[in-house]
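Secondary and tertiary structure notes
Read off the chains here:
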Amino acid sequence: MKIIYTDTLVVGAGLAGLRVAIASKERGLDTLVLSLVPAKRSHSVAAQGGMQASLANTIKGEGDDEDIHFQDTVKGSDWGCDQDVARMFAHCAPKAVRELAQWGVPWTRVTKGDRQVIVNAEKVTITEAEEAHGLINARDFGGTKKWRTCYTADGAGHSLLYAVDNKAISLGIPVHERMEALSLIHDGERCHGVIARCLITGELCAYIAKSTTIATGGYGRIYSVSTNAVICEGIGQALALDTGVATLGNMEAVQFHPTAIVPVGILTTEGCRGDGGVLRDKDGYRFMPDYEPEKKELASRDVVSRRMTEHMRKGKGVNSPYGPHLWLDITLLGQKHIDTNLREVKEICENFLGIDPVKDWIPVRPTQHYSMGGIRTKANGESPQLSGLFSVGEAACWDMHGFNRLGGNSLAETVVGGMIIGKYVADFGEQNSLVVDTDLIALFGKQLQTEVDQLIEGEGTEDPFKLKAAMQKIMMDYVGIFRNGPELELAVNQLTELLERSKNLGLKCKKRHANPELVEALRVKRMLKVAVTVACGALARTESRGAHSREDFPQRNDQDWLNRTLTRWPDANSLRPEMSYEALDVMRMELPPGYRGYGVDNAIAHPDTQKRQQQVEAILAELGDDADRYAKQAALMPFELPEEYKPRNQRFTDTVAKTDAESGEK
Ligand SMILES: Cc1cc2nc3c(=O)[nH]c(=O)nc-3n(C[C@H](O)[C@H](O)[C@H](O)COP(=O)(O)OP(=O)(O)OC[C@H]3O[C@@H](n4cnc5c(N)ncnc54)[C@H](O)[C@@H]3O)c2cc1C
């Protein structure tokens, strides 16, 4: 077996993986990236809506700052996130947007003077400041207090991924395409790299590195209908599970997006609603204001998805051969706006539905979209169990999303997480040497080789495609938007049966190279473990939090469930993982648990919540009115960052205020 040595190995060439690779390479470390597909075709390319960062350039973002972005993120997470990480993130997001602008991202810019926007289904004129002209614009997105989502029309992911990949190319970072990592080499304490299989030749190759970063994206394709690309199958999460040591976090936290088109599940961006689009039922009635009077269509995604499902359950859905759906109406935005700001949506409607969204309503329903769960890491991105194993982006549970991630916070997480974790990965590379027992490499190589041999030469009878379809249906039927104990039990039982059957896979095509059936067989066993992990986590969590909604336990229960589910799979032959819980410490929270500002307010309080609230108030009172927001924040919850990212973010309003003060104007 071929062995390739490097300092930094990154598995995944999406935005998150490439940004880590850039940080490593810039520090002079030998860096190598693996990917299933060419980097520019990673799933990040499909992101439409934009990226959150508190630049406060548009008048609708006036007054925005890291504090407000942090609060939106924590409330959106339903208090399931790690608040330190949310702080690191909110602080660095403006730096990431500006860095991307320098790398060539054509962000949509502010134009001074009046412009018409649609707010709450009505035309409103807003006036942009003269000084903001040409600065990076933002749209309404993600249920945030301020307009904060920076965008390039509706192709944000496309322009970001191209810019970041071009930067990686300019630095000479090699991407080994069509190389699938299938196992992590480790000794129980330290990770040494991966064994990967070439999807073209079928050859196995060991990649040995000081650090290994998993940036393989989400696990959406364990569901039958998903907005995710077909490559988002959760193999990265399975790699960690298969170590038996590394843990996954909150795998039951799966987000459904309200507006995927019916039946194929392609996304129409939340930007449609952010820009003023509304949801209508079979009678053409705009129903969201009845459920969510304040945020309406722009409540957080978990809330909108549930409200839509509730409304369809009342018989208000439009009947179609593919089941009931609702309408997304963006006609009120007008041709010019759709042609410039929502042109990908227009193309999707024309190409996949044969309709023109300038005049026709779009059939939509909630569909699996985002994986909040993933490989559990510390704030520096490293696995707490396996030294040298890092994870970033959607693959990880760095945990700034808790049980619901806000629209626009994921693209931001990939590049912000990539920047921050990239620095820690580079530190690790500089501080550690490459020491690995070659017998260990051979052992892991042999294990994978045996697995492949058994599939090709064995007598198994199970069809991998059928097992996968069965798994996807179970996940969709029983582990979806609304969940309950009996159905989840059914899901766990049926999934474990499929897992058992996956030990007996048989292939019709016996080729060792370029064999999609073999690829499917190797993946489906791993995907099933991921699916069982999601279902077990959902069954055990007897509360409703964020996107995890239990009909039999409708309250958010901070008393018993203010924690993070951790899962490992120590016994490779077992059909179930081992679960434990990591408590979230209320006494360390900058923002103690409370009402999110939308959805149902029915939480069972944590015993420390009131105590912490009083402590927060006392700390702020002691600081007095003279303390600025930075001093207040530092007193409540200090957080760590790499030195380079500590400086404060500049906003044009600061400069204007300073100039006004200097010239004595009001
Ligand atoms: C349709 C859609 C629209 C979205 N729009 C927005 C938006 O507007 N704003 C926002 O904030 N978020 C959005 N998101 C979410 C966001 O785009 C993703 O969360 C994010 O881009 C994920 O980036 P990533 O780098 O973590 O992973 P990805 O971009 O998914 O990259 C994963 C990489 O891992 C590789 N890989 C996977 N498995 C293996 C393996 N076993 N071996 C080797 N390589 C492997 C793949 O080839 C790929 O290169 C959207 C998501 C979807 C589905």
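A brief structural summary. (Residues numbered from 1 in each chain as written. Predicted model: local features only at pLDDT ≥ 70, side-chain atom pairs only at ≥ 80, totals over all residues. Heavy atoms only, no water.)

**Section: the overall build of the protein chain**
Scanning the protein chain from N- to C-terminus turns up 19 helices and 22 strands. Its C-alpha atoms give the protein chain a radius of gyration of 24 Å, within 12% of the compact-globule value 26 Å for 666 residues. If one aligns the C-alpha atoms of the protein chain with their principal axes, the spans along those axes are about 80 × 60 × 50 Å. Counting over 666 residues, the protein chain shows a buried share of 61%. In the protein chain, 74% of the contacts between residues at least 6 apart in sequence involve partners at least 24 apart. Summed over all atoms, the accessible surface of the protein chain reaches about 24700 Å², with 50% contributed by carbon and sulfur. (Helix = DSSP H or I, 4+ residues; strand = E, 2+ residues; numbered from the N terminus. Rg over C-alpha atoms; globule rule 2.2 N^0.38 Å. Buried < 20%, exposed > 50% of the residue type's maximum accessible area, 1.4 Å probe, protein only. Contact = heavy atoms within 4.5 Å. Areas by Shrake-Rupley, 256 points an atom, 1.4 Å probe, with all protein chains shown as cover.)

**What about the site of the ligand?**
In the vicinity of the ligand there are 38 residues, among which Ser 42, His 43, Ser 44, Glu 394 and Ser 410 approach most closely. Take Gly 50: an N or O atom from its main chain is 2.8 Å from a nitrogen atom of the ligand. In the environment of the ligand, an oxygen atom lies 2.6 Å from a nitrogen or oxygen atom belonging to the backbone of Leu 411. Protein chains shield 98% of the accessible area of the ligand, which is 1000 Å² for the free molecule. Those elements giving two or more residues to the shell around the ligand turn out to be helix 1 (15–26), strand 2 (31–35), strand 8 (179–186), strand 15 (362–371) and helix 11 (409–431). The leading source of residues in the shell around the ligand is helix 11, at four residues. Among the residues forming the shell around the ligand, the class breakdown is 16 nonpolar, 19 polar and three charged. (Near = heavy atom within 4 Å. Polar contact = N/O pair within 3.5 Å; in protein donor to acceptor, adjacent residues only side chain to side chain. Nonpolar A, V, L, I, M, F, W, Y, C, P; charged D, E, K, R; others polar.)

**As for the pairing of strand 2**
In terms of burial, strand 2 is a largely internal element, five of the five residues being buried. Judged by which residues are buried, strand 2 turns out to be covered on both faces: Thr 31, Val 33 and Ser 35 on one side and Leu 32 and Leu 34 on the other are all buried. The pairing of strand 1 (residues 2–11) with strand 2 spans four bridges and is parallel. Residue pairing for strand 2: Thr 8 is matched across the bridge by Thr 31. Running through helix 1, the crossover from strand 1 to the neighbouring parallel element strand 2 is right-handed. With three bridges connecting them, strand 2 and strand 7 (residues 175–177) associate as parallel partners. Its bridge partner being in strand 7, Ser 35 is matched across the sheet by Glu 177. (Pairing = 2+ DSSP bridges. Right-handed = clockwise from strand over helix to strand, strands pointing away.)

**Structural notes on the sheet that holds strand 13 (residues 278–280)**
Pairing is antiparallel in the open sheet, where four strands are placed in the order 12-15-14-13. Both edges of this open sheet fall to strand 12 (254–261) and strand 13, since each of them pairs with a single strand only. Taken over all neighbouring pairs, the strand axes of this sheet differ in orientation by 45 degrees on average, direction set aside. With six bridges joining them, strand 12 and strand 15 adopt antiparallel strand pairing. The residue bridging Phe 256 from the neighbouring strand is Gln 368, located in strand 15. (Axes fitted to C-alpha atoms, helices over the stretch in contact; angles between N-to-C directions.)

**Description of the packing of helix 14 (residues 485–501) against helix 15 (residues 516–540)**
Here helix 14 crosses helix 15 at 160 degrees, and the two axes come no closer than 9 Å. Taken together, helix 14 and helix 15 sit at an angle that is classed as roughly antiparallel. The handedness of the crossing between helix 14 and helix 15 is left-handed. Across the interface between the two elements, Gly 485, Leu 488, Glu 489, Ala 491, Val 492, Leu 495, Thr 496, Leu 498 and Leu 499 from helix 14 touch Lys 525, Leu 528, Lys 529, Ala 531, Val 532, Ala 535, Cys 536, Ala 538 and Leu 539 from helix 15. For the contact of helix 14 with helix 15, a count of residues per class yields 13 nonpolar, two polar and three charged. (Parallel < 35°, antiparallel > 145°, perpendicular 65-115°, else oblique. Left-handed = near helix turned anticlockwise from the far one by under 90°.)

**Structural notes on a negative patch on the surface**
The grouping of Asp 187, Glu 189, Asp 437 and Asp 439 at the surface amounts to a negative patch. Tracing the backbone through its elements, the reader meets Glu 189 in the loop between strand 8 and strand 9 (191–198). (Patch = residues over 30% accessible without salt bridge, like charges linked within 9 Å, V, L, I, M, F, W, Y side chains within 5 Å. Salt bridge = Lys/Arg side-chain N within 4 Å of Asp/Glu carboxyl O. Lys, Arg positive; Asp, Glu negative; His and termini not counted. Charge placed at Lys NZ, Arg CZ, Asp CG, Glu CD.)

**Thoughts on the state of the cysteines**
A full pass over the atoms with the stated rule returns zero disulfides. The thiol sulfur of Cys 191 is not disulfide-bonded, and the nearest other cysteine sulfur, from Cys 205, lies at 15 Å. With relative accessibility at 0%, the residue Cys 191 sits in the buried group. Just so you know, Cys 397 is unpaired, no disulfide at all, and the nearest cysteine sulfur is the one on Cys 81, 10 Å from it. Assessed through its relative accessible area of 1%, Cys 397 is described here as buried. (Disulfide = S-S within 2.5 Å.)

**Points about the sheet that holds strand 18 (residues 396–397)**
Strands belonging to one sheet form pairs held by backbone hydrogen bonds; the direction of such a pair is parallel or antiparallel. Spatial strand order, 18-16-11-21-22: five strands in an open sheet with mixed pairing. Each edge of the sheet is formed by a strand with only one pairing partner; in this case those strands are strand 18 and strand 22 (578–583). Its contacts with the sheet put helix 5 (residues 235–243) on strand 11 (248–249), strand 16 (374–376) and strand 21 (563–568), and the angle it makes with strand 16 is roughly 40 degrees. Sheet strands in contact with helix 15 are strand 11, strand 21 and strand 22, and its direction is about 55 degrees off that of strand 22.

**Concerning the nonpolar core**
Grouped burial of nonpolar side chains is what soluble globular proteins tend to show. Counting residues in hydrophobic clusters, the biggest one holds 77 residues, and the most contacted among them are Tyr 207, Ile 222, Val 479 and Leu 495. For this core, the leading source of residues is helix 15, giving 13 residues. Those residues in contact with Val 479 that sit more than four places away from it in its chain are Tyr 223, Phe 256, Ile 474, Leu 488, Ala 491, Val 534, Ala 535 and Ala 538. Val 85, Val 97, Val 416 and Met 419 belong to the second largest nonpolar core, which has 50 residues in total. (Core = buried A, V, L, I, M, F, W, Y, C linked by side-chain atoms within 4.5 Å.)

**Observations regarding helix 2 (residues 66–76)**
Taken across its eleven residues, helix 2 has nine buried, putting it largely inside the fold. Check the buried side of helix 2 and you find it contacts strand 3 (51–52), helix 3 (83–102), helix 11 and helix 18 (629–636). One side-chain oxygen at the N-terminal end of helix 2 lies 2.9 Å from the backbone nitrogen of Asp 67; it belongs to Asp 65.

**Things to note about the packing of aromatic side chains**
A complete count under the given rule lists five aromatic pairs for this structure. Here the aromatic rings of Phe 390 and Phe 428 are separated by 5.6 Å at their centres, their planes lie at 80 degrees, and the arrangement is edge-to-face. Here Phe 428 lies in helix 11 and Phe 390 lies in strand 17 (residues 389–391), a separation of 38 residues in the sequence. One exposure class covers both Phe 390 and Phe 428, and it is buried. Taking the centre distance of 5.2 Å and the plane angle of 80 degrees together, the rings of Trp 561 and Tyr 581 count as edge-to-face. Taken together, the residues Trp 561 in helix 16 (residues 558–561) and Tyr 581 in strand 22 connect sequence positions 20 residues apart. Just above the ring of Phe 70 sits the side chain of Arg 87; from NZ or CZ to the centre is 4.4 Å. The ring of Tyr 370 has Arg 405 sitting right over it, with the charged end atom 4.3 Å from the ring centre. (Phe/Tyr/Trp six-rings, centres within 6.5 Å; stacked < 30°, edge-to-face > 60°. Lys NZ or Arg CZ within 6 Å of the ring centre and 35° of its normal.)

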